[in-house]
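A look at the structure
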Amino acid sequence: MRDHRIGIIEKRLKGIKRILLFTGAKGGVGKSTCTAVSALVLAKRGYACGVLDLDFQGSSIHLLLGMEPGLPDEDRGILPRTAAPGVSLMSMSFFTGERGVPLRGEHTTEAIKELLAVTQWPDTDVLLIDMPPGMGDEILDILRFIPRSEPLVVLTPSVLSVKVASRFAQYMKDSGVSAKGVIVNMAAETSDFRQLLASEPALAALPLLGIIPLCAGLDKNTGSPDGLLQSTVAGSLDAILSAVIKPESALNLKNL
Ligand SMILES: Nc1ncnc2c1ncn2[C@@H]1O[C@H](COP(=O)(O)OP(=O)(O)O)[C@@H](O)[C@H]1O
Ligand SMILES: [Mg+2]
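A brief structural summary. (Residues numbered from 1 in each chain as written. Chains lettered and ligands numbered in written order. Predicted model: local features only at pLDDT ≥ 70, side-chain atom pairs only at ≥ 80, totals over all residues.)

Concerning the overall build of the protein chain
Broken down by element type, the protein chain carries 11 helices and 9 strands. Considered along the principal axes of its C-alpha atoms, the protein chain spans approximately 50 × 45 × 35 Å. Every one of the 256 residues in the protein chain was classed for burial, and the buried ones make up 41%. Restricting the contact set of the protein chain to residue pairs at least 6 apart, pairs at least 24 apart contribute 80%. (Helix = DSSP H or I, 4+ residues; strand = E, 2+ residues; numbered from the N terminus. Buried ≥ 20, exposed ≤ 12 C-beta atoms within 10 Å, placed from the backbone. Contact = placed C-beta atoms within 7 Å.)

What follows is the structure, encoded as structure tokens:
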């Protein structure tokens with residue numbers, strides 16, 4: 001029997017123009033950073049942005065954006081909280097504080113469905129979703145509940161990160177989902193990752209959306225939306241988001 005919440009989720013997300021998913025099976029590659037900074041960059045350009053933190057075990061967006069603890073308001077659903085001008089956020093951390101969320105397997109999927117079904121997004125142009133690491137069932141479930149979402153694969157230019165991301169891209173492809181492209185994060189000036197990416201067919205088949213250099217002082221800007229917006233990461237994401245919003249400008253790995 002079809003879960004009635006699926007229809008509710010469709011309705012809740014109906015008015016949202018684009019839904020970007022920041023994915024990558026590995027933890028620590030910068031998914032949360034890219035999600036939060038992308039929302040700030042897009043909001044600065046005038047887009048109304050929503051951010052949904054679905055990494056329950058590693059909730060980070062509220063910390064990156066420096067939000068005070070507090071419960072969201074309710075009005076025909078639960079209203080995301082304003083995190084920065086033009087950016088609203090829904091996060092499990094609003095309810096749990098800094099306590100861990102001991103959810104596993106099916107319970108995680110249930111909580112994701114519930115969160116999607118109760119959240120009443122304000123007028124939103126772009127919804128950015130911070131995805132959990134790993135390749136658990138909940139990843140495919142999210143893609144199933146939000147069929148028009150556009151997954152971006154975030155990786156770092158290390159052998160391990162590229163190998164794991166490649167496995168993840170193949171897993172999505174085998175499940176009938178095509179990722180929008182690859183973002184290489186924390187690239188040192190000297191890192192030669194192009195060959196590394198090209199040697200992994202599942203990644204080489206995807207557009208390279210852009211490269212974000214390693215930004216030495218980034219950690220100091222945790223909790224400061226203004227600081228994050230002034231970082232080099234924001235500059236790189238600005239260019240990447242142009243490629244994502246206008247896909248024809250994306251670089252293609254095969255042409256490099
Ligand atoms: N381009 C970058 N330059 C420097 N540090 C970065 C960059 N991107 C992310 N980081 C740092 O890497 C760490 C992991 O990032 P995070 O966004 O939490 O990764 P994930 O969400 O994939 O686990 C954080 O300490 C973050 O500040
Ligand atoms: Mg994270």
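Comments concerning the pairing of strand E5 (residues 126-130)
Along E5, 5 of the 5 residues are buried, which leaves the element largely enclosed by surrounding structure. Across the two faces of E5 the burial is the same, with Val126, Leu128 and Asp130 and Leu127 and Ile129 all buried. Where strand E1 (residues 18-23) and E5 come together, 5 bridges link them in parallel fashion. Its bridge partner being in E5, leucine 20 is matched across the sheet by leucine 128. (Pairing = 2+ DSSP bridges.)

Thoughts on the site of ligand 1
Taken together, 16 residues sit near ligand 1, with Gly30, Lys31, Ser32, Thr33 and Cys215 positioned nearest. At the level of secondary structure, the elements contributing two or more residues to the shell around ligand 1 comprise helix H2 (31-44) and strand E7 (181-187). A per-element tally of the shell around ligand 1 places H2 first, with 3 residues. Class assignment for the residues of the shell around ligand 1 results in 7 nonpolar, 7 polar and 2 charged. (Near = placed C-beta within 6 Å. Nonpolar A, V, L, I, M, F, W, Y, C, P; charged D, E, K, R; others polar.)

Digging into the packing of helix H5 (residues 105-118) against helix H6 (residues 137-145)
It is at 9 Å that the axes of H5 and H6 come closest, and there the two elements cross at 25°. Compared by their axis directions, H5 and H6 come out roughly parallel. The handedness of the crossing between H5 and H6 is right-handed. Mapping the contact onto sequence places Gly105, Thr108, Thr109, Ile112, Lys113 and Leu116 in H5 and Asp137, Glu138, Asp141, Ile142 and Phe145 in H6. Classifying every residue of the contact of H5 with H6 gives 4 nonpolar, 3 polar and 4 charged. (Axes fitted to C-alpha atoms, helices over the stretch in contact; angles between N-to-C directions. Parallel < 35°, antiparallel > 145°, perpendicular 65-115°, else oblique. Left-handed = near helix turned anticlockwise from the far one by under 90°.)

Some points on H5
Counting along an α-helix, one turn takes 3.6 residues, and residues three or four places apart therefore face a common direction. Between the first and last C-alpha of H5 there are 21 Å, a value that for 14 residues agrees with the 20 Å anticipated at 1.5 Å per step. Burial in H5 covers these residues: Thr108, Ile112, Leu116 and Ala117. The buried residues of H5 occupy an angular sector of 165° when projected down its axis, which confines them to one face. Turned more than 90 degrees away from the buried face of H5, the exposed residues are Glu106 and Glu114. Buried positions along H5 lie against helix H1 (4-13) and H6. (Expected span 1.5 Å × (residues − 1). Arc of directions from axis to C-beta.)

Some details on the environment of alanine 243
For alanine 243, the location among the structural elements is in helix H11 (residues 232-245). Expressed as a C-alpha distance, the spacing of alanine 243 and leucine 206, which sit 37 residues apart in the sequence, is 13 Å.

So, the packing of H1 against H5
At a minimum axis separation of 8 Å, H1 and H5 run at an interaxial angle of 45°. Overall, the two elements H1 and H5 adopt an arrangement that is oblique. As for the relative orientation of H1 and H5, their crossing is left-handed in sense. Each of Arg5, Ile8, Ile9 and Arg12 in H1 lies in contact with H5, whose residues at this interface are Lys113, Leu116 and Ala117. When the residues that make up the contact of H1 with H5 are grouped by side-chain class, the tally is 4 nonpolar, no polar and 3 charged.

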